[in-house]
Amino acid sequence: MYKLIAIDLDGTLLNSYGQISEKNKLALQKAQQCGAQIVLSSGRSSNSVKNLANDIGNNEYIICGNGSLIYDLQKEEIIYDKFIEKKKALQIIQICEQNSIYYNVYTENMVIAKTLSNNVLFYHQENANKPDSKKTKINLVDNIYEYVENLNNENILKFTISDTSSIIFNSIIRKLREIKNIDVLDVAHMTRKIIKSGTEEVSLEYFYTEITSENVDKWNALEWLAKKLNISKEEIMAIGDNVNDKMMIENAGLGIAMGNSAPYIKEIADKVVANNNEDGVAEAVEMSIE
């Protein structure tokens, strides 16, 4: 049995509506009862990941912001961090503003945006069915540069940049790559999510990338945590679907790709399971404890 199971959220543990199925919950609870350490490893802010960890009865560790921090849920403290410096964050904001592209700033506790669009619209829809205590905090502001400039006691995990036009998107990516000491995630395909509008289902499709401080990655954070827990990489199972899961899928003892993963993620995985709407996580976890 694997001692540590690292699981991505969006596109992996969560279905297209942002929910954790009962089958996935039961599989994770069984794995924890058998002694496995479940570590949710997400690009989301800590507040959002904490709530989802609580939903599956996980009270140990979570990885947020694509590896920007590790949070100890029992001690209620950050034990590892690689935040984006404010000066660097303001530089990124300035480029986004000058090029009129949609972007969000993720801090430990909230997502800062100008409007409800793309990923933030999805979070907003996801919040509709949750109590206030479990909602992803979305802070809509008119002037993000000014807001971040005056931000105190709130660390910046990452940025998300998105657009429905590949031409506009690729143009901004080239400019962002000129900034030193940051990492721009190389995403080559559109993301697709589903929201409900009344009785109709609406598909959200957009190109996106994520920006973190240099050398931030889910695997780097996982490796640090595994050393702390005296767990070898051979004893780690990693489950994901996207480029920000690539290194942990490649380096873990068993790397699992979801059925909805991009082709290049499936190619590097040891095994491919069902998609995120068909309980692929449960399939992988049940296999690990057989």
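Residues numbered from 1 in each chain as written. Predicted model: local features only at pLDDT ≥ 70, side-chain atom pairs only at ≥ 80, totals over all residues. Heavy atoms only, no water.

1. A word on the nonpolar core
Stated formally: Definition used in this section: a nonpolar core is a set of buried Ala, Val, Leu, Ile, Met, Phe, Trp, Tyr and Cys residues joined via side-chain atoms within 4.5 Å. Only protein chains enter the accessibility calculation, which uses a 1.4 Å probe; a residue is then buried when its area is under 20% of its type maximum, exposed when over 50%, and partly exposed in between. Residue contacts are defined here by distance: any two heavy atoms, one from each residue, within 4.5 Å place the two residues in contact.
Ile5, Ile7, Leu40 and Ile239 are the most contacted members of the largest nonpolar core, which has 35 residues in total. Apart from residues no more than four positions distant in its own chain, isoleucine 7 is found in contact with Thr12, Leu13, Leu28, Ile38, Val39, Leu40, Ser41, Ile239 and Val281. Core analysis: the next-biggest nonpolar cluster, separate from the first, contains 28 residues, Ile101, Val105, Val148 and Phe159 among them.

2. Here we look at helix H10 (residues 280-288)
Put simply, the test is: A run of H or I in DSSP becomes a helix once it reaches four residues, and a run of E becomes a strand once it reaches two; helices and strands are each numbered from the N terminus.
Looking only at H10, the buried set comprises Gly280, Val281, Ala282, Ala284, Val285 and Ser288. In this structure, the buried side of H10 is in contact with strand E1 (4-7), helix H1 (22-33), strand E13 (236-240) and strand E14 (254-257).

3. Some details on the packing of helix H3 (residues 86-98) against helix H6 (residues 166-176)
Quick reminder of the rule: Here an angle of 0 to 180 degrees is reported between the N-to-C directions of two axes, which are lines fitted to C-alpha atoms, with helices fitted over the stretch in contact. An angle below 35 degrees is treated as roughly parallel, one above 145 as roughly antiparallel, one from 65 to 115 as roughly perpendicular, and anything else as oblique. Handedness of a crossing is defined here by the sense of rotation of the near helix relative to the far one, left-handed for an anticlockwise turn of less than a right angle and right-handed for a clockwise turn. Gly counts as polar in this scheme, as do all residues outside two lists: the nonpolar Ala, Val, Leu, Ile, Met, Phe, Trp, Tyr, Cys and Pro, and the charged Asp, Glu, Lys and Arg.
The geometry of H3 relative to H6 is characterised by a closest axis approach of 11 Å and an angle of 150° between their N-to-C directions. By the angle class used here, H3 and H6 are roughly antiparallel. In this structure, H3 crosses over H6, and the sense of that crossing is right-handed. Taking contact as the criterion, the partners of Ile92, Ile95 and Cys96 in H3 are, on H6, Ile172, Lys175 and Leu176. When grouped by side-chain class, the residues that make up the contact of H3 with H6 number five nonpolar, no polar and one charged.

4. Concerning helix H7 (residues 218-228)
This is how the line gets drawn: In this description, one arc is meant: the one made by directions from the helix axis to the C-beta atoms. As used in this structure description, the phrase polar contact means that two N or O atoms lie within 3.5 Å; if the pair is within protein, one of them must be able to donate a hydrogen and the other to accept it, and residues adjacent in sequence are counted only when both atoms belong to side chains.
All of the buried residues in H7 are Lys218, Trp219, Ala221, Leu222, Leu225 and Ala226. Taken down its axis, H7 places every buried residue within 155° of arc, on the same side. Between a side-chain oxygen at the N-terminus of H7 and the backbone nitrogen of tryptophan 219 the separation is 2.7 Å; the capping residue is aspartate 217. Asparagine 230, located one to two residues past H7, shows a positive phi value of around 60°.

5. What to know about the sheet that holds strand E2 (residues 37-41)
What counts here: By this definition, two strands are paired if DSSP reports at least two bridges between them.
Judged by pairing direction, the sheet is mixed, and its eight strands sit side by side in the order E5-E4-E3-E2-E1-E13-E14-E15 without closing on themselves. Among the strands making up the open sheet, the edge pair consists of strand E5 (77-81) and strand E15 (271-272). Strand direction decides the pairing type here: E14 and E15, joined by two bridges, are parallel. Following the sheet pairing, isoleucine 256 is matched in E15 by lysine 271. Helix-sheet contacts for H10 involve E1, E13, E14 and E15, and the interaxial angle to E13 is about 170°.

6. Structural notes on the pairing of strand E12 (residues 200-213)
Here strand E9 (residues 156-163) runs beside E12; their pairing, made up of five bridges, is antiparallel. Bridge pairing links aspartate 163 to phenylalanine 207 in E12. In this sheet, E12 lies alongside strand E10 (residues 182-184) in antiparallel orientation, the contact comprising three bridges. Across the sheet, isoleucine 182 pairs through a bridge with serine 213, a residue of E12. In this structure, strand E11 (residues 190-197) lies alongside E12, joined through eight bridges in antiparallel fashion. Paired with threonine 191 across the bridge in E12 is tyrosine 206.

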